[in-house]
Amino acid sequence: FELVRDIADSHVESDTLSFSAAVSACEKGSAWAQAVQLFHEMADSRLERDATVYSSVVSACEKSRGGAFHTLHLFRDMVDRHGLF
């Protein structure tokens, strides 16, 4: 997560791929809150949140005790934005 902050501070342009990699790293590191924060920062930066990003952030949330609410919210967002189901 600190690496993402360092990139932001250095004014390097972030893209969907870099955010996706950071969210995936948060998932693997059991850092669900940081994964959710990055997911929302992607929206704020008007970057596309693709299926890979959704999958990583949902997986990060479902592995934690505090992430159940966020998992449901993310699922609803995915359905609303992408017309799934």
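This text follows the structure it describes.
Described below are features of the structure shown in this document. Along each chain, residues carry numbers from 1 onward, in the same order as the chain's sequence is written. Since the coordinates come from a predicted model, pLDDT governs what is reported: local features require at least 70, and pairs of side-chain atoms require 80 or more to be given and counted, while whole-chain, interface and lining totals use all residues. Side-chain calculation: all heavy atoms of the structure are included, whereas hydrogens and water are not.

Brief notes about the packing of helix 2 (residues 16–28) against helix 4 (residues 51–62)
Stage number 1. Only the stretch in contact is used when fitting a helix axis, every axis being a line fitted to C-alpha atoms; angles between N-to-C directions are given from 0 to 180 degrees. Helix and strand assignments come from DSSP, with helices taken as H or I runs of at least 4 residues and strands as E runs of at least 2, each series counted from the N terminus. Interhelical geometry of helix 2 versus helix 4 gives an angle of 20° and a closest axis separation of 8 Å. What the angle tells us is that helix 2 and helix 4 run roughly parallel. Crossing angle aside, the handedness with which helix 2 passes helix 4 is left-handed. Here S20, V23, S24 and E27 of helix 2 lie close against helix 4, whose contacting residues are T52, V53, S56, V57, S59 and A60. The scheme is simple: roughly parallel for angles under 35 degrees, roughly antiparallel for over 145, roughly perpendicular for 65 to 115, oblique for anything else. Two helices crossing with the near one rotated counterclockwise from the far one by less than a right angle form a left-handed crossing, whereas a clockwise rotation gives a right-handed crossing. Residue contacts are defined here by distance: any two heavy atoms, one from each residue, within 4.5 Å place the two residues in contact.

Observations regarding the environment of E27
Stage number 1. Mapped onto the elements, E27 comes out in helix 2.
Stage number 2. Taking the relative accessible area as the measure of exposure, E27 reaches 13% and is therefore buried.
Stage number 3. Remark: the alpha-carbon pair of E27 and S55, spanning 28 residues in sequence, is separated by 9.7 Å.
Stage number 4. In contact with E27, not counting residues within four places along its chain, are S56, S59, A60 and K63.
Stage number 5. A distance of 2.7 Å separates a polar atom in the side chain of E27 from a polar atom in the side chain of S59. Here the term buried applies to any residue with accessible area under 20% of the maximum for its type, exposed to any over 50%, and partly exposed to those in between, with areas from a 1.4 Å probe on protein chains only. A 3.5 Å cut-off defines polar contacts: any pair of N or O atoms within that distance qualifies, except that in protein one atom must be a possible hydrogen donor and the other a possible acceptor, and neighbouring residues in sequence count only when both atoms are side-chain atoms.

So, the nonpolar core
Stage number 1. Residues belong to a common nonpolar core when they are buried Ala, Val, Leu, Ile, Met, Phe, Trp, Tyr or Cys residues joined through side-chain atoms within 4.5 Å. One finds A35, L38, F39 and V57 to be the most contacted residues of the largest nonpolar core, which totals 18 residues.
Stage number 2. Those elements that place two or more of their residues in this core are helix 2, helix 3 (32–44), helix 4 and helix 5 (68–82).

Structural notes on the packing of helix 2 against helix 3
Stage number 1. Two elements in contact, helix 2 and helix 3, have axes separated by 8 Å at closest approach and are oriented at 165°. The angle between helix 2 and helix 3 falls in the class roughly antiparallel. As for the relative orientation of helix 2 and helix 3, their crossing is left-handed in sense. Contacts from T16, F19, A22, V23 and C26 in helix 2 reach Q34, A35, L38, F39, E41 and M42 in helix 3.
Stage number 2. For this classification, the nonpolar set comprises Ala, Val, Leu, Ile, Met, Phe, Trp, Tyr, Cys and Pro, the charged set comprises Asp, Glu, Lys and Arg, and every other residue, Gly included, is treated as polar. Here the contact of helix 2 with helix 3 is built from residues that sort into 8 nonpolar, 2 polar and 1 charged.

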